[in-house]
Amino acid sequence: MSIKALTILLVTLFPWLACNAQMLHGRITDANGFPMSGASVYVPELRQGTTSNQDGFYETALPSGTYNISYQLLGYTPVIKKITVDKEDIRSDIVMKEEFYEIPAVTVSPSDKDPAFYIMRKVIGMAPYHLNQVSMYKAEVYIRGGGRIDKLPKIIKRQMKIEADREQLQEGKYYFSESVNVITFTAPDKYVHEVISSHTNVTTSDDQASPMDYLEASFYQPVLADMAISPLAPNAFSHYTFKYLGSSMEGDYLIDKIGVTPRRKSQQLFEGVIYIVEDLWAIRSLDLTNKNMAGKIRIRQLYAPVEETIWMPVSHEFEVDLSVMGIKGRATYSSAVKYLEVEPNRSLSEPSGYLAKDDIAVETETKTATQKEIEAILASDELTARDMSRLAKLNGKNAEKSKEKASLEIQDKTTYIIEKEALNKDSVYWEEVRPIPLTEEEKASIGKITDNPSVLAERDTSTLSIAVGKGPQKKEKNPVANAVKAIATGKRWKLAEETYLDFDGLLNLKSFSFNTVDGFIVGTGLTLTTRTDSGRRFSLAPSFKYAFSREKLMWSVAASLMYDPMKSGSIFLRAGSYSDEFSASGVNPVINTVSSLFFKENWMKLYNSAFITLGHRSDLANGLNLSLSVMYEHREPLENTTFFSIFKPDHGYSLNILDNPFASGQVKGYDSLFSFSHSQASFSAELIYTPRQRYRLANGAKISAGSDWPTFTLRWKHGYNYNDTLSGHFDRITAEIGKTNRYGFLDEFNWRICGGGFVNRHNVQLQDMYFFNTQKSPVLLNNYVDAFYNKPHYSLSSPSYFAEGQIQYTSPTLLLKRLPGLSRTLIRENIGLSVLWTPDYGYYYEAGYSLSEIFFMAEVGLYAGFRDLSFDALALRLILRFE
């Protein structure tokens, strides 16, 4: 979990507002007088909660009246105290005693399983129900957070000095933030977040993660923060062991204490305890810790009944111990919540155990078959794993019935409203509304917060960004140095509103390469982009490269006009003259540069292409896109022009000829295909269809946003090759279907099937064949999804019929990740199978296993090849991803 994202999470998570009321305050300690930090103080009559600070002090504003105040802390016996508020503040000090959970004499079932098995199976089965139990709520939430950096490595300190225009983190400085907010939720996923007031001594940037991502999260969800696996996930028993630690009565409710232990060390899992309301099978409270590569995060939550049978979180405590890359720090976050309105999801059918006794008889007559099955499963004292899965499925189905059919348009889930004076509240205001007293350390940091009335709040649709004060002034730089830097490394100029000119620079490493045909290549480029208010866009991008050994200036230009952004309607023109590969998958230029200069392996094979293409693409309907283009290309053969290399200068390079059986005349029934001078005129059409394609609307444009269905692609190319002596037409038709399914955050299943052939193949040339993606290099820079790793580049192709398919499953835990040394990393495991077929080559298979996300940038895999089920070759590959 990103510490940056977690910090923002915790800076605006849950809110409170209180005015014109008396203050209830005091201190919460244990029997020895030790302060109880994070104890919950809940007022059920007002659906309002707060927590004690690190010194055990608490305070909350209450209007006149009589209240049953509930004081609770995990592991301690709850204290209920009746208090009458009149015209004066009231002090109420509380002493909490350690709670002992009674473990019955018989704690195992006839099947010899821990009772926690059956308790958690019911809780997991009911999770979809609790997740969808509320159709609307409105809450006032106060959130405060603070922390310090205890240690910063010297390299980071030096970097901060270089970037002097940014606020610098300081060792030992206490950073503090607090805010008052109003959150309104409307099912299934709409939030309105009003910032009533906020102040901080931290300057935040506009690329912060949204705190709403965490407000919307729930332990009833299978995955939290897009990464951690909840103990209530449907597959929780695959990741956790549960132990029954006893039960205790709290009023009319029996509370079960369940120990949660990961089956293996993993950054995705939690450890701790969770308390369950028996018969309702809802969360009462939890104390869970996640240990990851950034440190340790402890989460404590307390739930309370805000409506009959509806338990919602009323306090949150987060403790973060940061320890990563030499950085050490700590942070704590607390929240206080007051629910103003809670509207149950009345279209969601409740099991009989959730109904008031007077309603049960009436309700029984109108039960659906689904309700009856849910109640039958819950009535069992010993749920099986199959019962648990069935219960979760029934509750999920029940919840789906209560929802309207989802629109394909994905709208922003959160609307932010920042009050005009949100950042200009004085200390008197904060003293009145702050429900959690400040510690001495926080009081000291408050004195450092500016009262500058020029403080600004920046707002967008995805994140709340608050900048305090003017910040450090940027240092003036030497104009000559700026000019030299722009020429060397590139620069962006703003020519007008929404019009930009980007220059790649003369030392653009992306345009530097070496091959045996061109020698060393250097280049640069320009991109002119302009947009209109209606979303239309025009771009013009010329680029130039010089081949030193061939003494040739290579160039290209691309122009496009997006004239209808709602339908992706665009016209494009491309032209150029440069050396090009025979296969679209080809060889990465960086890999070929290194292999040639250091190992005398010139894998890349080239011909000269002088071309012009004109095309049009547009959506015919939602998810259905048609692209049409015409192209003229003149092709010329090329030869090696240099033998330079850093090592092995006495060794020769291979000729600029494909390592391909059709090029060498080894396939029966085919003449040898070789590169020669000719021209081609072609027409291409591509139809792409994704059923039920979801989309977003932004700045007048329609943006695709995925689908639960696979994508179907149909391509047709008609080509005419000719020169002074030869001519002929061909048609190539290709069909493809594929999908990536994601399960949670780290599990994926990718599959792809592609096939086709040449309807006629008169005068088909090397460049026109269908090439399979073969990658011989032991080190790669591209994350290929269709590669065959045991065959030389360009070696597998077909001028007739062809078919291929790939499947790959990715998971955080398959084989090696179960080992102690790897289990706590974010490395993922991949298993896959690739297969191809042509009538001339037959069947070829590759099965592979790999570890990915090694140091977030590397993948190592072992791939075995089989030809017609006979073992063919074995390859080890290292894939580096620089993004």
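Residues numbered from 1 in each chain as written. Predicted model: local features only at pLDDT ≥ 70, side-chain atom pairs only at ≥ 80, totals over all residues. Heavy atoms only, no water.

1. Examining the side chain of Glu442
Position of Glu442 relative to the elements: it lies in helix H9 (residues 440–446). By relative accessible area, which is 5% here, Glu442 ends up buried. In terms of polar contacts, Glu442 uses its side chain to reach the backbone amide nitrogen of Thr439, at 2.9 Å. When neighbours within four sequence positions are excluded, Glu442 is seen to be in contact with Arg144, Tyr174, Phe176 and Pro437. (Helix = DSSP H or I, 4+ residues; strand = E, 2+ residues; numbered from the N terminus. Buried < 20%, exposed > 50% of the residue type's maximum accessible area, 1.4 Å probe, protein only. Polar contact = N/O pair within 3.5 Å; in protein donor to acceptor, adjacent residues only side chain to side chain. Contact = heavy atoms within 4.5 Å.)

2. Concerning empty space enclosed by the protein
If you roll a probe as big as a water molecule over the atoms, it shows you where there is empty space left. Taken as a whole, this structure holds five cavities of 30 Å³ or more when the rule is applied. Lining the largest cavity, in full, are Gly38, Ser40, Gln72, Leu73, Leu74, Arg300, Gln301, Leu302, Ser315, His316 and Glu317. Those elements giving two or more residues to the lining of the largest cavity turn out to be strand E18 (295–307) and strand E19 (310–324). A per-class count over the lining of the largest cavity returns three nonpolar, six polar and two charged. (1 Å grid on protein atoms, 1.4 Å probe; cavity = no way out; pocket = protein on both sides within 12 Å on 5 of 7 lines; lining within 4 Å. Points joined across faces, edges and corners; volume = space filled by probe spheres on them. Nonpolar A, V, L, I, M, F, W, Y, C, P; charged D, E, K, R; others polar.)

3. Some thoughts on helix H2 (residues 115–131)
The terminal C-alpha atoms of H2 lie 24 Å apart, and with 17 residues this matches the ideal 24 Å at 1.5 Å per residue to within 8%. By the largest-angle criterion, Gly125 marks the main kink of H2, which is about 35°, and a proline, Pro128, follows within four residues. Judged by how many residues are buried, H2 sits mostly within the fold: 14 of 17 residues are covered. Where H2 starts, the residue carrying a side-chain oxygen 2.8 Å from the main-chain nitrogen of Ala116 turns out to be Asp114. (Expected span 1.5 Å × (residues − 1). Bend = angle between axes of the 7 residues up to and from the residue.)

4. Section: the pairing of E19
Across the 15 residues that make up E19, a large majority, 11, are buried. Pairing of E18 with E19 involves 12 bridges; the strand directions are antiparallel. By the bridge assignment for E19, Pro305 is matched with Trp311. The turn linking E18 back onto E19 is made up of two residues, and Thr309 within it adopts a positive phi angle of 70°. (Pairing = 2+ DSSP bridges.)

5. Digging into the pattern of salt bridges
Evaluation of the coordinates by the stated rule reveals 29 salt bridges. Between Arg635 and Glu633 there is a salt bridge, with its nearest N and O atoms 3.0 Å apart. Residue classification places Arg635 among the buried residues on the basis of a relative accessible area of 3%. With a relative accessible area of 4%, Glu633 lands in the buried category. (Salt bridge = Lys/Arg side-chain N within 4 Å of Asp/Glu carboxyl O.)

6. Regarding unusual backbone geometry
For the bond running from Ala187 to Pro188, omega is 5°, close enough to zero to count as cis. Unusually for a residue other than glycine, Asp279 sits at a positive phi of about 80°. In this structure, Asp279 sits in the loop between strand E16 (270–277) and strand E17 (282–292).

7. Thoughts on the environment of Thr641
Counting through the fold element by element, Thr641 comes out in the loop between strand E32 (624–637) and strand E33 (678–689). Looking at Thr641, the relative accessible area reads 35%, which means it is partly exposed. Placed 123 residues apart in sequence, Thr641 and Asp518 show a C-alpha to C-alpha distance of 6.8 Å. Apart from residues no more than four positions distant in its own chain, Thr641 is found in contact with Thr516, Val517, Asp518, Ser549 and Arg550. At a separation of 2.8 Å, a polar atom in the side chain of Thr641 contacts the side chain of Ser549.

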